[in-house]
Amino acid sequence: MRIALIGAGRIGAVHARSIAASPDAELVLVADPVDGAAARLASAHGAAATTDVGDVFADDTVDAVVVASPTAHHVEQILAGVEAGKAVLAEKPVDLDLARADRCLAQVGDRADRVMLGFNRRYDAGFAEIHRRVAAGEIGDLEQLTIISRDPAAPPVGYLAGSGGIFRDMTIHDLDMARFFLGDIVAVQAVPQRLDPAFAEIDDYDAAIVTLTAASGAVATIINSRHCAAGYDQRLEAFGPRGALRAENHTATSVVLDAAGTSGARGPYLDFFLERYAAAYTSELAAFVAAVREGSAPTPSLLDGRQALALADAATESARTGRSVAPAPVPSPASSAAV
């Protein structure tokens with residue numbers, strides 16, 4: 001499969017490596033309007049480069065597009081890819097504006113099976129195994145899901161100011177994971193924290209606990225923080241009447257030290273998401289390529305991306321009001337105007 005990549009930044013480089021390492025895909029074109037960015041990344045993988053994103057959609061030899069551009073461009077590039085007859089793997093979120101995401105979904109219509117959203121944590125080996133075992137009934141009906149996601153340190157304030165806030169930027173991965181396990185969510189309750197005064201200046205939070213109630217009655221608890229002294233803290237537990245399944249943090253090795261002054265000491269957690277979820281990005285791409293080749297609908301879908309954004313909006317409203325909030329339903333196609 002001949003793949004073009006839009007965006008030559010940090011996440012674009014991750015996707016470029018995944019494509020280049022795949023036996024079923026070839027990186028043929030990298031596009032980025034920043035002078036020199038596309039050329040540098042493309043040269044590392046034997047691909048062509050362009051500063052005109054339109055070249056991606058005009059190239060009839062390109063089968064699929066990976067959208068790793070800034071969020072503000074996701075909708076227009078998803079639509080352009082679909083209109084050009086190409087399959088699209090787009091980074092999260094669909095957009096920061098739910099109404100715009102709804103219009104994108106409506107405009108894509110029955111071609112939505114050509115679009116995959118980049119919630120790569122569904123493809124983390126540990127999380128995916130727990131999901132399979134829960135679905136197989138190993139612990140009985142899922143009653144409680146606990147997701148812990150803490151970053152080693154907050155991004156720069158300049159990034160945070162345009163990120164859409166903690167729930168749309170950070171928690172949205174965990175919101176999708178909650179839906180992956182629990183299905184439809186009917187109520188969202190968020191308790192935010194401002195531990196660093198700098199977050200008040202940008203009307204954001206640096207930590208939060210979010211409780212989600214599913215239509216089934218199951219409850220998910222998401223624990224987020226923008227800082228963690230121990231490093232990148234990524235854990236998940238699924239609990240049911242017959243037991244619990246847990247995925248723990250990853251370290252570089254499995255070696256444990258027991259000594260006079262300590263017991264059970266392990267090495268530090270993997271540094272950040274690029275290291276922790278490297279294999280998940282590879283598996284995500286493999287699933288995308290397989291879905292396109294088989295003509296099946298990829299997952300996570302464009303609708304999954306929209307639903308995660310609706311949950312993030314609900315969490316944002318709950319944090320500001322202190323109330324439990326129901327996520328906005330998907331509007332009927334007739335009520336959606338053009339993007």
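Above this text sits the structure in question.
None of these values were measured; they are calculated from a predicted model.

Help me out: how do you make sense of the overall build of the protein chain in this one?
Counting secondary structure elements, the protein chain contains 13 helices and 14 strands. At 20 Å, the protein chain has a C-alpha radius of gyration in line with the 20 Å of a compact globule built from 339 residues. Counting only residues that meet the buried cut, the protein chain has 49% of its 339 residues in that class. In the protein chain, once contacts between residues fewer than 6 apart in sequence are set aside, the share between residues at least 24 apart is 71%. When the accessible surface of the protein chain is summed, it comes to about 14,700 Å², and 53% of that surface belongs to carbon and sulfur atoms. Taking the average place of the 28 positive charges on the side chains of the protein chain and the average place of its 43 negative ones, the gap between the two points comes to 3 Å.

What should I look at first to understand helix α1 (residues 10-21) in this one?
Side chains of residues three or four places apart in an α-helix project in the same direction, reflecting 3.6 residues per turn. Compared with the 16 Å implied by 1.5 Å per residue over 12 residues, the 17 Å span of α1 between its first and last C-alpha is a close match. Every buried residue belonging to α1 is among Ile-11, Gly-12, Ala-13, Val-14, His-15, Ala-16, Ser-18 and Ile-19, and all of these are buried.

How should I be thinking about the layout of surface pockets in this particular structure?
A water-sized probe rolled over the atoms picks out the places where empty space is left. The volume enclosed by the largest pocket comes to roughly 1,100 Å³. Arg-10, Ile-11, Lys-92, Tyr-159 and Asp-169 are the residues nearest the centre of the largest pocket, which is lined by 42 residues in total. Of all the secondary structure elements, the ones that give two or more residues to the lining of the largest pocket are α1, α4 (74-83) and α8 (166-169). In terms of residues, the lining of the largest pocket owes the most to one element, α4, which gives three residues.

I keep staring at the pairing of strand β4 (residues 64-67) and nothing clicks. Help me out?
In summary, the side chains of a regular strand alternate between the two faces of the sheet. Side chains Ala-64 and Val-66 project from β4 onto one buried face, and the interleaved Val-65 and Val-67 project onto a second face that is buried too. As paired strands, strand β1 (residues 2-6) and β4 are joined by four bridges and run parallel to one another. Within β4, the position partnered with Leu-5 by the bridge is Val-66. Across four bridges, β4 lies against strand β5 (residues 87-90) in parallel orientation. The residue bridging Val-66 from the neighbouring strand is Leu-89, located in β5. In terms of handedness, the path from β4 via α4 over to β5 forms a crossover that is right-handed.

I keep staring at the sheet that holds β5 and nothing clicks. Help me out?
Note: strands within a sheet are paired through backbone hydrogen bonds, in either parallel or antiparallel orientation. If you trace the six strands from one edge of the open sheet to the other, you get β3-β2-β1-β4-β5-β6, paired in parallel fashion. Taken across any chain shown, the strands that pair with only one partner, and hence form the sheet edges, are β3 (48-50) and β6 (115-117). Averaged over neighbouring strand pairs, the angle between their axes works out to 20 degrees when direction is ignored. Strand direction decides the pairing type here: strand β2 (residues 26-31) and β3, joined by three bridges, are parallel. Its bridge partner lying in β3, Val-30 is registered against Ala-49.

How should I be thinking about empty space enclosed by the protein in this particular structure?
The full count for this structure, using the stated rule, is one cavity of 30 Å³ or more. A volume near 50 Å³ is recorded for the largest cavity. Contributing to the lining of the largest cavity are Arg-121, Phe-127, Ile-147, Ile-148, Ser-149, Asp-174, Met-177, Gln-234, Arg-235, Leu-236 and Tyr-277. At the level of elements, β7 (144-150), α9 (171-182) and β11 (233-240) are the ones that each hand at least two residues to the lining of the largest cavity.

Could you clarify how one ought to interpret helix α6 (residues 125-135) in this entry?
Residues of α6 that are buried: Phe-127, Ala-128, Ile-130 and Val-134. The arc that holds every buried residue of α6, seen down its axis, measures 160 degrees, which confines them to one face. When the buried face of α6 is taken as reference, the exposed residues oriented beyond 90 degrees from it are Ala-125 and Arg-132. Contact partners of the buried residues in α6: α9, β11, β12 (243-247) and α11 (273-276). Capping the start of α6 is the job of one residue whose side-chain oxygen sits 3.2 Å from the backbone nitrogen of Gly-126: Asp-124.

So, how was this worked out
Residues numbered from 1 in each chain as written. Predicted model: local features only at pLDDT ≥ 70, side-chain atom pairs only at ≥ 80, totals over all residues. Heavy atoms only, no water. Helix = DSSP H or I, 4+ residues; strand = E, 2+ residues; numbered from the N terminus. Rg over C-alpha atoms; globule rule 2.2 N^0.38 Å. Buried < 20%, exposed > 50% of the residue type's maximum accessible area, 1.4 Å probe, protein only. Contact = heavy atoms within 4.5 Å. Areas by Shrake-Rupley, 256 points an atom, 1.4 Å probe, with all protein chains shown as cover. Lys, Arg positive; Asp, Glu negative; His and termini not counted. Charge placed at Lys NZ, Arg CZ, Asp CG, Glu CD. Expected span 1.5 Å × (residues − 1). 1 Å grid on protein atoms, 1.4 Å probe; cavity = no way out; pocket = protein on both sides within 12 Å on 5 of 7 lines; lining within 4 Å. Points joined across faces, edges and corners; volume = space filled by probe spheres on them. Pairing = 2+ DSSP bridges. Right-handed = clockwise from strand over helix to strand, strands pointing away. Axes fitted to C-alpha atoms, helices over the stretch in contact; angles between N-to-C directions. Arc of directions from axis to C-beta. Polar contact = N/O pair within 3.5 Å; in protein donor to acceptor, adjacent residues only side chain to side chain.

Honestly, it's all geometry; don't read function into it.
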